[in-house]
Every structure is written in structure tokens, then in C-alpha cells.
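Close look at the chain arrangement
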Amino acid sequence: MKIATFNAASVRARLPVLVEWLATEEPDILAIQETKVEDDKFPREEIEELGYHIAIHGQKSWNGVAILSRSPINSIRTGFNDELFTNDCRIIACEIDGVSIINTYVPNGNTVGSDKFIYKLGWLERFRTYLDQNFRPSEPLIWLGDINIARQPEDVYDSKKMLGGVGHHPDEFVRLDKIVEFGLTDLFRKFETGPGHYSYWDFVLPRSVERNLGWRIDHIYATEPLAILCERCVIDKGPRTWPRPSDHTFVIAEFDV
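Residues numbered from 1 in each chain as written. Predicted model: local features only at pLDDT ≥ 70, side-chain atom pairs only at ≥ 80, totals over all residues. Heavy atoms only, no water.

1. Considerations on the pattern of salt bridges
Under the counting rule described, the total for this entry stands at 13 salt bridges. A salt bridge links glutamate 38 to lysine 41; its shortest N-O distance comes to 3.8 Å. On the basis of relative accessible area, lysine 41 is assigned to the partly exposed category, the value being 43%. One salt-bridge network, in which partners are shared between bridges, spans Asp155, Asp186, Arg189 and Arg216. (Salt bridge = Lys/Arg side-chain N within 4 Å of Asp/Glu carboxyl O. Buried < 20%, exposed > 50% of the residue type's maximum accessible area, 1.4 Å probe, protein only.)

Spelled out as C-alpha cells, the structure:
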């Protein structure tokens, strides 16, 4: 099984990148974040022509998540199913071939101490509760998406400078650690422990890709039944250099299932 995650920063703007990558890499499952489009305007036809089923949870201009799968998508759930974060199209879950998949676009947080940062911390806490309420660590589960946290110093190009800021803040680390304690393995770090491996490069920084001034904020996690079967997890940097790219790129995990 080959599964990947990609923050498209507008699925319609990134459609040529998406179609080319899907046609070349042929993943079994792709989780997309920041689709920025209502469900009825999602580019279904172009993706279905490549042989994918689609589950979407979108909204106009903001947020939005989707799951593409070569196998049928079952038991689709969106949101946290409570009154908290009701207008927040940031989470979609489903079951594919007996594996539970959760795709999330974690809030960015904007500025430390702001309402948006407090919202991010609350969202992360709610997500841990969501895991406890709906899943078991003994069962096959994959959580992936734009996590918007660079947890380790190696996950950002200048940890000393960024530490304490949004995306690299101790309060975020605590929340992410509690989520991982559910029984999840960061699959990329199962294979690669060193610095310099990033999935996001800011458009604002001049030549950020060439200088490798990036962040590893797009993650794939798995519970033990799948983590032990994971044979490879890599960041595909190439698409970030293509015409009209997202500021993120694809992260891929492969399993002997």
C-alpha cells in the first residue's frame, strides 16, 4: 500500500501538479489539505479519470480536506461531530481496505498568544479526545496531513531562531506529544533522523527551496500494526520545483500489506 499526503494550497490552482503526480506515482491513497473549494466545485472528473474514488469536506476559499483512493472509501466521517469547531473543514476520516484513515489540516495558529493560536491548541486537544473516542491503538490506523508543527529541532531550518514561534512552540509540542502517546509512530522519523528534510518552503523567503530553508510539517503517523509493516517513508521534493507549485510537497509512505 502506497499512501501520501499533500497540502495543495488550492486544489484547483494545483490541479496540473496533482494530476501529473498522481499519473506518475500512482499512490493507492492520497490525502489532500487546503483544497479551498466547495464540494460541488471540487475537480472530480479529472481525478476520477485517473481511477480514484473521492471523499471531500470543503468550503469556499478556506481550509478543506479530501481523500482519494483506488479502493472504495467507506464509513466517511467529517469534523468532530460536536458543537466545537463546527465550521472547521479540517478533518475527514474513513475506512479503506480495513484501514482507518484520518486526514487533517491542523490550524496554523497565526501568532503566539492570539485567538487563533489558542484555537490551534484547543483543536489539538480535541483531536486527542477524538482518537480516544473513535479508535484503538491496537487497530490499523493512519493519521496524516498538514500538522503545522515542526516538533524537533531537525524539523525546521533554524530551530534556534524559530523556537517559541508558531509551528515550533513548546505548547504545540506538548499537545502533539499527547496525540502521539495514543500509540502513533512518526513514519518519516522511523527511517530518517537527520536534519535538512522538509515538506514546506515559504514563498516569502527568496530562493527558499534552493537554499533549503524549510519546515517538516506534513506528517504520516501509524499505529503499531501498520508501523511495523512500513517499508519506506520519503519526502518527494521534486513537485515543489514544478511550475505553479504549492508551497508544500508530497510525503509518501509505503507498507507491505
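2. A word on the sheet that holds strand β4 (residues 65-69)
Spatially, six strands are ordered β3-β4-β2-β1-β14-β13 in an open sheet, and the strand pairing comes out mixed. Every interior strand has two partners, whereas the edge strands, β3 (53-57) and β13 (230-236), have only one. For this sheet, the mean inter-axis angle between neighbouring strands, taken without regard to orientation, is 15 degrees. When β13 meets strand β14 (residues 250-255), the two strands line up antiparallel, connected through six bridges. The residue of β14 that forms the bridge with cysteine 230 is phenylalanine 255. Helix α1 (residues 15-25) rests against β1 (2-7), β2 (29-33), β4, β13 and β14 of the sheet, and its axis sits at about 25 degrees to β14. (Pairing = 2+ DSSP bridges. Helix = DSSP H or I, 4+ residues; strand = E, 2+ residues; numbered from the N terminus. Axes fitted to C-alpha atoms, helices over the stretch in contact; angles between N-to-C directions. Contact = heavy atoms within 4.5 Å.)

3. Here's the deal with the nonpolar core
Ile3, Ile67, Ile101, Ile142, Leu187, Ala253 and Phe255 are the most contacted members of the largest nonpolar core, which has 27 residues in total. When sequence neighbours within four positions are dropped, the list of residues in contact with isoleucine 142 reads Met1, Ile3, Val99, Ser100, Ile101, Ile102, Ile220, Tyr221, Ala222, Leu226 and Phe255. The next biggest cluster of nonpolar side chains, apart from the first, holds 22 residues, and it includes Phe85, Leu131, Ile147 and Phe173. (Core = buried A, V, L, I, M, F, W, Y, C linked by side-chain atoms within 4.5 Å.)

4. Some words on the sheet that holds strand β5 (residues 74-78)
With mixed pairing, the six strands of this open sheet are ordered in space as β5-β6-β7-β8-β12-β9. For this open sheet the edge positions go to β5 and β9 (184-186), each flanked by a neighbour on one side alone. Neighbour-to-neighbour, the strand axes of this sheet turn through a mean angle of 20 degrees, independent of strand direction. Sheet topology note: the strand β6 (residues 91-96)/strand β7 (residues 99-105) ladder contains six bridges and is antiparallel. Bridge pairing links cysteine 94 to isoleucine 101 in β7. Across the sheet, helix α3 (residues 115-134) touches β5, β6, β7, β8 (141-146) and β9, and the angle it forms with β7 is around 170 degrees.

5. Overview of the packing of aromatic side chains
For the structure on display, the rule yields nine aromatic pairs. Consider the rings of phenylalanine 127 and tryptophan 143, whose centres lie 4.8 Å apart with planes at 35 degrees: the pair is tilted. One end of the pair, phenylalanine 127, is in helix α3; the other, tryptophan 143, is in strand β8, and 16 residues separate them in sequence. Judged by relative accessible area, phenylalanine 127 falls into the buried class, the value being 0%. When the ring centre of tyrosine 105 is taken as reference, the NZ or CZ atom of arginine 90 above it lies at 4.7 Å. (Phe/Tyr/Trp six-rings, centres within 6.5 Å; stacked < 30°, edge-to-face > 60°. Lys NZ or Arg CZ within 6 Å of the ring centre and 35° of its normal.)

6. Considering a nonpolar patch on the surface
On the surface, a cluster of nonpolar side chains totalling about 280 Å² of accessible area is made up of Ile228, Leu229 and Val257. Here leucine 229 is to be found in the loop between α7 (224-227) and β13. (Patch = residues over 30% accessible without salt bridge, like charges linked within 9 Å, V, L, I, M, F, W, Y side chains within 5 Å. Areas by Shrake-Rupley, 256 points an atom, 1.4 Å probe, with all protein chains shown as cover.)

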